[in-house]
Amino acid sequence: MLKFTELNTAAVAALFPQAEHTALHHFPDAQPVLTIQDGDTPIGYALLQQDANRAWLRHIYIAEPYRRQYLGKTLMGVVASKAVQWQQWQLFAHTPADAVAAAFCQAVGFAPLASDATVLALDLTDPTGMRHGK
């Protein structure tokens, strides 16, 4: 059974001790890390940050055996809901350098800002969008 939790970075780093998770070691502990688990098995996490007037997706990770099963999109729905709790109606991210990550961002609805192509935005006001499970 899937479960979603909000933890601090130290707790999530303990769940994902591999070296590839260096993003966890550079993320402020005061910001939420949203996790997805299958029972006690960690599947993935998303680093979400609020600064000034924006909510930022800083990093999202789904473990290799769980990819291509819509779990990343499911976790993005949780991320979007958290941003809306903060009364943020757009979620921002930097354009990923990795082609797979860029394709994921496009698939969930992120689009480049007209004013800065290195920044992506996801509209959370769209009734057919991410926060509504679409």
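Before going into details, it helps to say that this report is about the structure given with it. (Residues numbered from 1 in each chain as written. Predicted model: local features only at pLDDT ≥ 70, side-chain atom pairs only at ≥ 80, totals over all residues. Heavy atoms only, no water.)

Over its 15 residues, helix H3 (residues 71-85) extends 21 Å from the first C-alpha to the last, a length consistent with the 21 Å expected when each residue adds 1.5 Å. Within H3, the full set of buried residues consists of Leu71, Gly72, Leu75, Met76, Gly77, Val79, Ala80, Lys82, Ala83 and Val84. Looking at the residues trailing H3, positive phi occurs at Gln87, about 60°. (Helix = DSSP H or I, 4+ residues; strand = E, 2+ residues; numbered from the N terminus. Expected span 1.5 Å × (residues − 1). Buried < 20%, exposed > 50% of the residue type's maximum accessible area, 1.4 Å probe, protein only.)

Quick look at the pattern of salt bridges now. This model, assessed by the stated rule, comprises 4 salt bridges. In this structure, Asp51 and Arg58 form a salt bridge, with 3.8 Å as the shortest nitrogen-oxygen distance. The class for Asp51 is partly exposed, based on a relative accessible area of 31%. The exposure class of Arg58 is partly exposed, given its relative accessible area of 33%. Among the salt bridges present, the one from Glu64 reaches Arg67, with a minimum N-O distance of 2.8 Å. (Salt bridge = Lys/Arg side-chain N within 4 Å of Asp/Glu carboxyl O.)

Moving on, we get to the sheet that holds strand E5 (residues 90-94). Taken in spatial order, the 7 strands line up as E1-E2-E3-E4-E5-E7-E6 in an open sheet, and their pairing is mixed. Of all strands in the sheet, those bounded by a partner on one side alone are strand E1 (2-7) and strand E6 (111-112). Alignment of strand E2 (residues 33-38) against strand E3 (residues 41-51), held across 6 bridges, turns out to be antiparallel. Each bridged residue has a counterpart across the sheet, and for Ile36 the counterpart in E3 is Gly44. (Pairing = 2+ DSSP bridges.)

For the rest of this paragraph, the subject is the environment of Asp40. Relative to the assigned elements, Asp40 resides in the loop between E2 and E3. Under the relative-accessibility criterion, Asp40 is labelled exposed at 69%. When the C-alpha atoms of Asp40 and Met1 are compared, they prove to be 9.3 Å apart, with 39 residues separating the residues in sequence.

For the rest of this paragraph, the subject is the nonpolar core. If you look at soluble globular proteins, the nonpolar side chains tend to sit buried side by side. By size, the foremost hydrophobic cluster in this structure holds 24 residues, and its most contacted members are Leu57, Met76, Val79, Leu91, Phe110 and Leu124. For this core, the secondary structure elements donating two or more residues are E2, E3, strand E4 (54-62), H3, E5 and strand E7 (119-123). Per element, the largest residue contribution to this core is 7 residues, and it comes from H3. In this structure Leu91 touches Leu48, Ala55, Trp56, Leu57, Met76, Val79, Ala83, Phe110, Leu120, Ala121, Leu122 and Leu124, once residues within four positions along its chain are discounted. (Core = buried A, V, L, I, M, F, W, Y, C linked by side-chain atoms within 4.5 Å. Contact = heavy atoms within 4.5 Å.)

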